[in-house]
Amino acid sequence: MLTEWVRVFGRLHPILLHLPIGLLGGLAALEFVTLFRKGIVSRGAISIVAWLTAASAVMSATTGWVLSDEAGYGGDTLETHEWLGISVAAASVVVALLHALSRGGTRVPVLAAYRVALVATMGGLLPAGHFGSTLVRGEGFLTEPLRAEDAVSATATSTYARLIAPIFSARCMTCHSESKKKGGLTLENEAGIIGGGVDGAVIVEGKPEQSEMIKRLRLPESDRDHMPPKGKGQPTAEEIGRIEAWIAAGAPFEGNVPGLEPEPPIAPPDPNAVARLEQALVHVEAQAQGSNLLWIDFAGAAAKTTDATAAELLTPLLDQVEQLSLGHCGITDATMALVAQMRHLRRLDVRATGVTDAGIAALAHHEKLEELILVQTKLTDAAVSHLAALPALKRVYLWHSGVSEDVALKLHEQRASLEIEAGDVRDAAVVETEKDLQLTNTAPVAGAPPGAEVLAPVNTTCPVTDRAVDPAYRIVYKGRVVGFCCPKCPPQFWADPEKYASKLP
Ligand code: HEC
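Residues numbered from 1 in each chain as written. Predicted model: local features only at pLDDT ≥ 70, side-chain atom pairs only at ≥ 80, totals over all residues. Heavy atoms only, no water.

K.L.:
When you look at the packing of aromatic side chains in this model, what are you seeing that I'm missing?
P.N.:
How two aromatic rings sit relative to each other is given by the distance of their centres and the angle of their planes. This model, assessed by the stated rule, comprises seven aromatic pairs. Look at Tyr397 and Trp399: their rings are 6.0 Å apart centre to centre, the planes differ by 55°, and that puts the pair in the tilted class. Judged on exposure class, the residue Tyr397 and its partner Trp399 are both buried. Here the aromatic residues Tyr160, Trp246 and Phe253 are joined through ring pairs into a cluster of three or more. (Phe/Tyr/Trp six-rings, centres within 6.5 Å; stacked < 30°, edge-to-face > 60°. Buried < 20%, exposed > 50% of the residue type's maximum accessible area, 1.4 Å probe, protein only.)

Right, here's the structure in full:
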């Protein structure tokens, strides 16, 4: 109990320390005025101020000394600050004593000594305060606005110096510098980062998830172990991701980490390649206005698409594909090897294709793939380990893929953030999700007789909207190919086929 109260007493230091500063300044001001107008302030009043100054200085030094015992502070700065603080306190007592001695009469040497002591004490206050603020604010706080920001990062050669050190410097160094090692940790230099804190290493090279630093950064802000502490400037999600990627790459201090360097801009798609896709009735669309990334949907050409045609059409566009639907195409793992080279691919639909475990293995560690539709493929439970290795994967559809529900569930336990759709539902439900996923129509195969070629639509205007048909969106209804204007219309058509079919020629 006593020690708790002592700690509280110690924490008064930041408040108390302002008292001697103010009082000492006041005392000097009073003495200064009396130089010009003798007797304007009584010696008695000055004496009170002098003793108050001494008492508050002693209190500040004592509380500071108690506070320094608490975890977090250490090093040369603390020591210097401590000695200066104690000296100022002692000097203030000397000032008060000399003042008392000088009161008796005109003992000139005593009065002179008192004045010298007062000036000297004031002089000691400046560096004491400076080192104290260095402790709290970190090295160079005072002159920070004078330094050009990020002067290092522009000329730095290593990925660490350019992309990682500035994060530590901006978010951590007020508490984890050479002069202020909270938790025994400095993030100011290589030795400090490798050396770790009071609890040992803070990074495990190549293993961000085992690194204390990442664990703490990822804790909810309300957790008392979260870093930086609640209410202090927090790094952005992107910055945390950057530190994580740096640790994953082995936390090198020299050289470049390729994955962390800014990506080269994406070249515009080859217009001839796009034209060839359109001729083959494959739907191609820019992901956004002005974007060079593409959404490519083979729905309209599914029945005619094989590994060979897919390779021919997609190879010139590997860098541009962001979303790719190959559902119901006659493709196998050979196409998956091609798909693995699409570095910007985020969403891949290979439902009802010949893709097997080897095809998923070919995607190994694809960095951006977020969504994977594997419904009605030819997988086994072995595919799950390859899925688990996809770092960006957020959602995977596994109905009728051959992966058992148990194993899918295990994957979910392993990667809680991964959404897995693997419920034991009938085909109807599969069709239903197509709507949720806003896929273009994949119904041609569902309605067509097995092996049927998908031909040109029988209609030129959409039966739902009466707008012109886009041949990319087709279904087979009662043996006839029906075209639509957009991907939203086929689901509407299926909701009441009789009604819309009457509009067909
Ligand atoms: C406002 C002060 C403050 C800031 C800013 C701060 N920390 Fe800390 N940090 C502390 C304190 C205090 C401790 C010791 C208490 C504890 O272990 O929680 C600590 C401890 C740690 C530890 C554990 C050291 C060990 O071995 O116990 C790690 C790792 C850490 N901080 C990382 C960071 C990182 C990374 C940042 C910047 C993104 C950061 N901190 C920013 C105050 C801070």
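K.L.:
What is the right way to read the coordination of the iron atom of the ligand from this model?
P.N.:
Angles between donor atoms at a metal ideally measure 109.5 degrees for a four-coordinate tetrahedral arrangement and either 90 or 180 degrees for a six-coordinate octahedral one. Ligation of the iron atom of the ligand by protein atoms is provided by His176 (NE2) and Met227 (SD), these donors lying 2.0 to 2.2 Å from the ion. Classification of the site at the iron atom of the ligand rests on its six donor atoms, whose angles at the metal span 87 to 180°, yielding the label octahedral. Here the residue His176 occupies a position in the loop between helix H8 (159–171) and helix H9 (190–195), and Met227 occupies one in the loop between helix H10 (212–218) and helix H11 (237–248), the gap between them amounting to 51 residues. Taking the relative accessible area as the measure of exposure, Met227 reaches 24% and is therefore partly exposed. (Donors = N, O, S within 2.8 Å, 3.2 Å for Na, K, Ca; no water. Tetrahedral: all angles 85-135°; square planar, octahedral: opposite > 155°, others 65-115°. Helix = DSSP H or I, 4+ residues; strand = E, 2+ residues; numbered from the N terminus.)

K.L.:
For this particular structure, what's the right way to read the environment of Arg137?
P.N.:
Here Arg137 shows up in helix H6 (residues 108–137). Assessed through its relative accessible area of 46%, Arg137 is described here as partly exposed. Linking Arg137 and Cys175, residues 38 residues apart in sequence, is a C-alpha distance of 7.7 Å. Not counting residues up to four positions away in its chain, the partners in contact with Arg137 are Thr174 and Lys180. (Contact = heavy atoms within 4.5 Å.)

K.L.:
Help me understand the site of the ligand in this model?
P.N.:
Residues in close proximity to the ligand total 21 residues, the closest being Cys172, Cys175, His176, Asp199 and Met227. Contacts to the ligand include His176, whose side-chain N or O atom sits 2.8 Å from a nitrogen atom. At a separation of 3.0 Å, an oxygen atom of the ligand approaches a polar side-chain atom of Arg216. When residues in the shell around the ligand are grouped by element, the largest group, three residues, is from H10. Along the lines of polarity and charge, the residues of the shell around the ligand split into 11 nonpolar, five polar and five charged. (Near = heavy atom within 4 Å. Polar contact = N/O pair within 3.5 Å; in protein donor to acceptor, adjacent residues only side chain to side chain. Nonpolar A, V, L, I, M, F, W, Y, C, P; charged D, E, K, R; others polar.)

K.L.:
I keep staring at the sheet that holds strand E4 (residues 347–349) and nothing clicks. Help me out?
P.N.:
The strands that make up a sheet are held in pairs by hydrogen bonds between backbone atoms, and each pair lies either parallel or antiparallel. Read from one edge of the open sheet, seven strands run E1-E2-E3-E4-E5-E6-E7, paired in mixed fashion. Each edge of the open sheet carries a strand with a single partner, namely strand E1 (283–286) and strand E7 (419–421). The sheet shows a mean angle of 10° between the axes of neighbouring strands, taken without regard to direction. Alignment of strand E2 (residues 294–297) against strand E3 (residues 321–325), held across four bridges, turns out to be parallel. Paired with Trp295 across the two strands is Gln323, which belongs to E3. (Pairing = 2+ DSSP bridges. Axes fitted to C-alpha atoms, helices over the stretch in contact; angles between N-to-C directions.)

K.L.:
Sorry if this is basic, but what is going on with unusual backbone geometry here?
P.N.:
Peptide bonds are, in most cases, trans, and in most cases residues other than glycine have a negative phi. Here the bond from Met227 into Pro228 is cis, since omega is -15°, no more than 30 degrees from zero. With respect to the secondary-structure elements, Pro228 resides in the loop between H10 and H11. Residue His328 is not a glycine yet carries a positive backbone phi of 65°. You can see His328 is positioned in the loop between E3 and helix H14 (333–339). Using a relative accessible area of 16% as the deciding quantity, one classes His328 as buried. Residues other than glycine seldom take positive phi values, yet His365 does so here, at roughly 55°. Relative to the elements of secondary structure, His365 occurs in the loop between helix H15 (357–362) and strand E5 (371–373).

K.L.:
How should I be thinking about the packing of H8 against H11 in this particular structure?
P.N.:
The geometry of a pair of packed helices is captured by two quantities: the angle between their axes and the separation between those axes. Between H8 and H11, the least distance of the axes is 10 Å, while the angle of their chain directions is 130°. When the interaxial angle is binned, H8 and H11 end up oblique. Between H8 and H11 lies a crossing of left-handed hand. In contact with Tyr160, Leu163, Ile164, Ile167, Phe168 and Arg171 of H8, H11 contributes Glu239, Arg242, Ile243 and Trp246. Class assignment for the residues of the contact of H8 with H11 results in seven nonpolar, no polar and three charged. (Parallel < 35°, antiparallel > 145°, perpendicular 65-115°, else oblique. Left-handed = near helix turned anticlockwise from the far one by under 90°.)

K.L.:
Would you mind going over the state of the cysteines with me for this structure?
P.N.:
Put plainly, two cysteines are in a disulfide when a covalent bond ties their sulfur atoms together. Enumeration according to the criterion identifies zero disulfides in this entry. The structure places no disulfide on Cys485, whose sulfur is separated from the nearest cysteine sulfur, that of Cys489, by 3.7 Å. Given the relative accessible area of 13%, Cys485 is considered buried. The structure places no disulfide on Cys486, whose sulfur is separated from the nearest cysteine sulfur, that of Cys489, by 3.8 Å. (Disulfide = S-S within 2.5 Å.)

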